[in-house]
Amino acid sequence: MNEPEVLLSEDRIAERVREIAREISADYADKDGVVLIGVLKGSFIFLADLSRALSIPRSIEFIAVSSYASGSRSTGAVRLIMDVRGNIENRHVLIVEDIVDTGHTLKYLLGILQSHRPASIRTCTLLHKADCVEVDVDIDYVGFQIGDEWVVGYGLDYAERDRTLPYIGVVAPDDRG
Ligand code: 5GP
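Below, the structure is looked at part by part. (Residues numbered from 1 in each chain as written. Predicted model: local features only at pLDDT ≥ 70, side-chain atom pairs only at ≥ 80, totals over all residues. Heavy atoms only, no water.)

What to know about the nonpolar core
Part 1 of the argument: If you look at the biggest cluster of nonpolar residues, it comprises 29 residues, and the most contacted ones within it are Ile24, Phe46, Leu50, Leu94 and Leu127.
Part 2 of the argument: Of all the elements in the fold, those that place two or more residues in this core are α1 (10–27), β2 (34–40), α2 (44–53), β5 (92–100), β6 (120–128), β7 (141–145) and β9 (168–170).
Part 3 of the argument: The element that contributes the greatest number of residues to this core is α1, accounting for five residues.
Part 4 of the argument: The residues touching leucine 127, leaving out its near neighbours within four places in the chain, are Leu8, Asp98, Ile99, Val100, Phe144, Ile146, Val151, Leu156 and Ile168.
Part 5 of the argument: Core analysis: the second largest hydrophobic core is formed by 18 residues, Ile88, Val100, Leu113 and Ile121 among them. (Core = buried A, V, L, I, M, F, W, Y, C linked by side-chain atoms within 4.5 Å. Buried < 20%, exposed > 50% of the residue type's maximum accessible area, 1.4 Å probe, protein only. Helix = DSSP H or I, 4+ residues; strand = E, 2+ residues; numbered from the N terminus. Contact = heavy atoms within 4.5 Å.)

Quick word on the side chain of histidine 92
Part 1 of the argument: Take histidine 92: it is sitting in strand β5.
Part 2 of the argument: Look at histidine 92 and you get buried, because its relative accessible area is 15%.
Part 3 of the argument: A polar atom in the side chain of histidine 92 sits 2.7 Å from the side chain of serine 120.
Part 4 of the argument: Aside from chain neighbours lying at most four places away, what touches histidine 92 is Tyr28, Lys31, Asp32, Gly33, Val34, Val35, Ala119 and Ser120. (Polar contact = N/O pair within 3.5 Å; in protein donor to acceptor, adjacent residues only side chain to side chain.)

Overview of the sheet that holds β9
Part 1 of the argument: Here three strands make up an open sheet; going across it, the order is β1-β9-β8 and the pairing antiparallel. At either margin of the open sheet sits one strand with a lone partner, and together these are β1 (5–8) and β8 (151–152).
Part 2 of the argument: When β1 meets β9, the two strands line up antiparallel, connected through three bridges. When the bridges of β9 are listed, glutamate 5 appears paired with valine 170. (Pairing = 2+ DSSP bridges.)

Looking at the site of the ligand
Part 1 of the argument: With respect to spatial proximity, 18 residues lie near the ligand, and among them Thr102, Gly103, Thr105, Val151 and Asp157 are the closest.
Part 2 of the argument: Between the ligand and the protein, one listed contact pairs an oxygen atom with a backbone N or O atom of aspartate 101 at 2.8 Å.
Part 3 of the argument: Glycine 103 is positioned such that a nitrogen or oxygen atom in its backbone is 2.8 Å from an oxygen atom of the ligand.
Part 4 of the argument: Out of a free accessible area of 510 Å², the ligand has 92% covered by protein chains.
Part 5 of the argument: Of all the elements in the fold, those that place two or more residues in the shell around the ligand are β5 and α3 (104–114).
Part 6 of the argument: Tallying contributions element by element places β5 first for the shell around the ligand, with four residues. (Near = heavy atom within 4 Å. Areas by Shrake-Rupley, 256 points an atom, 1.4 Å probe, with all protein chains shown as cover.)

Points about the packing of α1 against α2
When two helices pack together, their arrangement is given by the angle between their axes and by how far apart the axes lie.
Part 1 of the argument: Closest axis-to-axis distance for the α1/α2 pair is 8 Å, and the angle between their directions is 50°. Looking at the two axes, α1 sits oblique to α2. Note that α1 runs across α2; the crossing there is right-handed. Of α2, the residues touching α1 (which contributes Val17, Ile20, Ala21 and Ile24) are Phe46, Asp49, Leu50 and Ala53. (Axes fitted to C-alpha atoms, helices over the stretch in contact; angles between N-to-C directions. Parallel < 35°, antiparallel > 145°, perpendicular 65-115°, else oblique. Left-handed = near helix turned anticlockwise from the far one by under 90°.)

A few points about α2
Part 1 of the argument: Listed as buried for α2 are Ile45, Phe46, Leu47, Leu50 and Ser51.
Part 2 of the argument: On the buried face of α2, the contacting elements are α1, β2, β3 (58–66), β5 and β6.

Put into structure tokens, the structure is as follows:
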């Protein structure tokens, strides 16, 4: 098993998270705060860093979905595992995702969260595989565009491995077993 090859260093991620936080803080400055909805499990580290870098009132909720049974190819089938617990009706909601690949998960999440009747919904993802998009869904804040490769670290895993790596790395196809 090889170490994942570094794609985005810890410093680069930290700098970009601060930039996105500034942008979000400015965009929501005239609102009564934002509810950040972290998509479990992959977004938990990004959410922790992003939420602490914001300069506006914010609260945290979580939602859990499962997109892939295992392995690394999207089936497009998304299942709700845990809905948000708090009341988000009439609140300004920002979905915080680790990665958008085909877009099926984000589209599904938008549908679920719309049914809670928030005042607004925006979307934020640390990583976006722009070449892999299958469904059209608006993403308001994107950290980095990446290619079609399997990435781990900073919250993202491969079969539960490498989630807590401080950097984002690429898993070689030979190591996906
Ligand atoms: P989508 O529905 O957009 O195809 O897939 C989104 C979900 O697929 C993400 O929330 C994540 O769980 C998973 N995913 C897609 N690509 C990657 C990747 O390169 N690494 C990891 N760890 N998860 C991925």
